[in-house]
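# Coordinate inspection notes
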Amino acid sequence: MKIAVSADCFASFTSGFPVRGMTLELIRNNPDVQFILLYSDREKPKALKEFYTKINSLPNTEVRYFKDKHKILTVKSMIGVSYVELDSDVDCFLNPGRPEYIKSFRGPQIGSLADLSAVRGVGTTKLSWFHQYWGRFSLRRTLPRLARVVTISRYTQEDLHSFFPHLKVKTQCIYNGIDSFWFDDIFPGIHLEDLGIREPYFIWWGMMSRRKNICNLVSAYREAKRKEPRLPQLVLIGGILNYMSGIESSFGGDVLHLPFQDDYTLKYLVRHSRGLIFPSFYEGFGLPVVEAFSQGVNVACSAVTSLPEISNDMAILFDPHDAEALQAAILALDSKQTDPEVLKAYASQFTYAKAASQYMKLIRELIE
């Protein structure tokens, strides 16, 4: 069996974690299958050098580069022009990062859809208005042509069918996995005070964009702190998109901002926190919720989009648009008691290997 994989999606930083992890396991766990990884000349993030070395050097992997430049490929893909001729013996085409259709290929094609944030106008890119309208056109053209569209939550699956009710789209939900380091027992020796952290503390991590609702989180936290001065410190970890740079003026005092941390430092900080506060307006999955559960840590998260589904009745839910509800959730999180082993057991089902196994089962079914 030979599978062609559109691999440029690996370069996405935060949203690419589950895509990279799943694809690596897919190739590792199926040594009898030949995988062709198709790349453009797009610059690869230096932080992902180790990942690219691993996946490109696997014995059943063949790496190929497109002749056209990345920008030309993007335009061709957007307007529906074929930009690659796949070998005649390729059995399946897979894009694990987004829906994509190769016009000249007659075999089954599978694309993944994380969410409809871009077409619903809650995207985080510079030209979000363009992606909103072009995305609708592109998805209308692409989705019905795919043998299967894989969604990362039932919410996204249902959202897709409700947004495009007249399209005949075959979908399947395959949940994201989280990285294996969340499940091991390795913890670095860290002095929290060196990072400016005081115990106890709440935590949030990710990339700060509009839909992460960080402005309202900081405001609600400060009001809750005014009501309950002994409330834990709030620690925010991650990057800030350019259009959100003004938020930095609201940090300070009991609100601490740290840049992205290495995997094991982050795990340590999550494990020793009082809980995750995750107030997003929109999520296709919500990886931090499962990552927090993997450390036996309680969560307070929004009661919208995929988060009630992924948190599985084990989190404190609140309306992210309601300041008082967010304050109440923060106060409730400080005293919430849950058996950590129950949370860990639930999180243990979200692995890259499980997602890869489900992808492979789907591929074999479509080919056969």
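Now for a description of the structure that goes with this document. Quick caveat, the model's predicted, so the values are computed rather than measured. (Residues numbered from 1 in each chain as written. Predicted model: local features only at pLDDT ≥ 70, side-chain atom pairs only at ≥ 80, totals over all residues. Heavy atoms only, no water.)

### Description of unusual backbone geometry
Cis geometry marks the peptide bond from Glu199 to Pro200; its omega dihedral reads -5°. Inspection of the secondary structure puts Pro200 in the loop between β7 (171–173) and β8 (201–208). If you check the backbone angles, Asn213 has positive phi at about 65° while not being a glycine. Following the sequence through the fold, Asn213 ends up in the loop between β8 and α6 (214–227). One non-glycine residue, Asn312, adopts positive backbone phi at about 55°. Residue class for Asn312 comes out partly exposed when judged on its relative accessible area of 37%. (Helix = DSSP H or I, 4+ residues; strand = E, 2+ residues; numbered from the N terminus. Buried < 20%, exposed > 50% of the residue type's maximum accessible area, 1.4 Å probe, protein only.)

### A closer look at the packing of aromatic side chains
How two aromatic rings sit relative to each other is given by the distance of their centres and the angle of their planes. Overall, the coordinates contain 15 aromatic pairs when judged by the stated rule. Centre to centre, the rings of Phe285 and Phe350 are 6.0 Å apart; their planes meet at 70°, and the pair counts as edge-to-face. Placement of the pair is Phe285 in the loop between β11 (275–278) and α8 (287–294) and Phe350 in the loop between α11 (340–347) and α12 (352–367), with a sequence separation of 65 residues. Residue class for Phe285 comes out buried when judged on its relative accessible area of 3%. Arranged with centres 6.0 Å apart and planes meeting at 70°, the rings of Phe293 and Tyr346 form a pair that is edge-to-face. Of this pair, Phe293 sits in helix α8 while Tyr346 sits in helix α11; the two residues are 53 residues apart in sequence, bridging distant segments of the chain. An identical accessibility class is assigned to Phe293 and Tyr346; each is buried. The structure contains a cluster of three or more aromatic residues connected by ring pairs, namely Phe10, Tyr39, Phe51, Tyr52 and Tyr65. Positioned above the aromatic ring of Tyr39 is the side chain of Lys44, whose terminal nitrogen or guanidinium carbon lies 4.6 Å from the ring centre. Positioned above the aromatic ring of Phe187, the side-chain terminus of Lys267 is 4.4 Å from the ring centre. (Phe/Tyr/Trp six-rings, centres within 6.5 Å; stacked < 30°, edge-to-face > 60°. Lys NZ or Arg CZ within 6 Å of the ring centre and 35° of its normal.)

### Overview of the packing of α6 against helix α10 (residues 323–335)
Direction vectors running N to C along α6 and α10 enclose 60°, while the axes themselves pass 9 Å from each other. Relative to α10, the element α6 is oriented oblique. The chirality of how α6 crosses α10 is right-handed. Contacts from Asn216, Leu217, Ala220, Tyr221, Glu223, Ala224 and Lys227 in α6 reach Ala323, Leu326, Gln327, Ile330 and Leu331 in α10. Residue classes in the contact of α6 with α10 are distributed as eight nonpolar, two polar and two charged. (Axes fitted to C-alpha atoms, helices over the stretch in contact; angles between N-to-C directions. Parallel < 35°, antiparallel > 145°, perpendicular 65-115°, else oblique. Left-handed = near helix turned anticlockwise from the far one by under 90°. Contact = heavy atoms within 4.5 Å. Nonpolar A, V, L, I, M, F, W, Y, C, P; charged D, E, K, R; others polar.)

### A closer look at the side chain of Glu100
With respect to the helices and strands, Glu100 occurs in the loop between β4 (92–95) and β5 (109–113). It turns out Glu100 is buried and unbridged, and the closest side chain with the opposite charge, Arg98, is 4.1 Å from it. In this structure the side chain of Glu100 is engaged in a polar contact, spanning 2.5 Å, whose partner is the side chain of Asn95. (Lys, Arg positive; Asp, Glu negative; His and termini not counted. Salt bridge = Lys/Arg side-chain N within 4 Å of Asp/Glu carboxyl O. Polar contact = N/O pair within 3.5 Å; in protein donor to acceptor, adjacent residues only side chain to side chain.)

### Thoughts on the side chain of Asn176
You can see Asn176 is positioned in the loop between β7 and β8. Contact partners of Asn176, with chain neighbours within four places excluded, come to Pro18, Ile152, Phe285, Leu287 and Phe350.

### Some thoughts on the pairing of strand β6 (residues 148–151)
Residue alternation in β6 divides its side chains into two sets, Arg148 and Val150 and Val149 and Thr151, and both sets are buried. Pairing between β5 and β6: four bridges, direction parallel. From the neighbouring strand, Leu113 faces β6, where its bridge partner is Thr151. In the sheet, β6 pairs with β7 via three bridges, with the strands oriented parallel. Residue pairing across strands places Thr151 opposite Cys173, the latter belonging to β7. Note on the crossover from β6 through helix α5 (residues 154–163) to β7: the handedness is right-handed. (Pairing = 2+ DSSP bridges. Right-handed = clockwise from strand over helix to strand, strands pointing away.)

### A look at helix α7 (residues 263–271)
Those residues of α7 lying buried are Thr265, Leu266, Lys267, Tyr268, Leu269 and Val270. Elements that come into contact with the buried residues of α7 comprise β8, β9 (233–240) and α8. Among the residues of α7, the N-terminal cap falls to Asp262, whose side-chain oxygen and the backbone nitrogen of Tyr264 are separated by 3.2 Å.

### A look at the pattern of salt bridges
Under the counting rule described, the total for this entry stands at 17 salt bridges. One salt bridge connects Asp254 with Lys225, and the closest N-O pair in it is separated by 3.7 Å. Taken together, the positions of Asp254 in the loop between β9 and β10 (255–258) and Lys225 in helix α6 put the pair 29 residues apart, joining distant regions of the chain. Under the relative-accessibility criterion, Lys225 is labelled buried at 16%. Connected through shared salt-bridge partners, Lys2, Glu62, Arg64, Asp87 and Asp89 make up one network.

The values reported here are purely geometric and, on their own, carry no functional implication.
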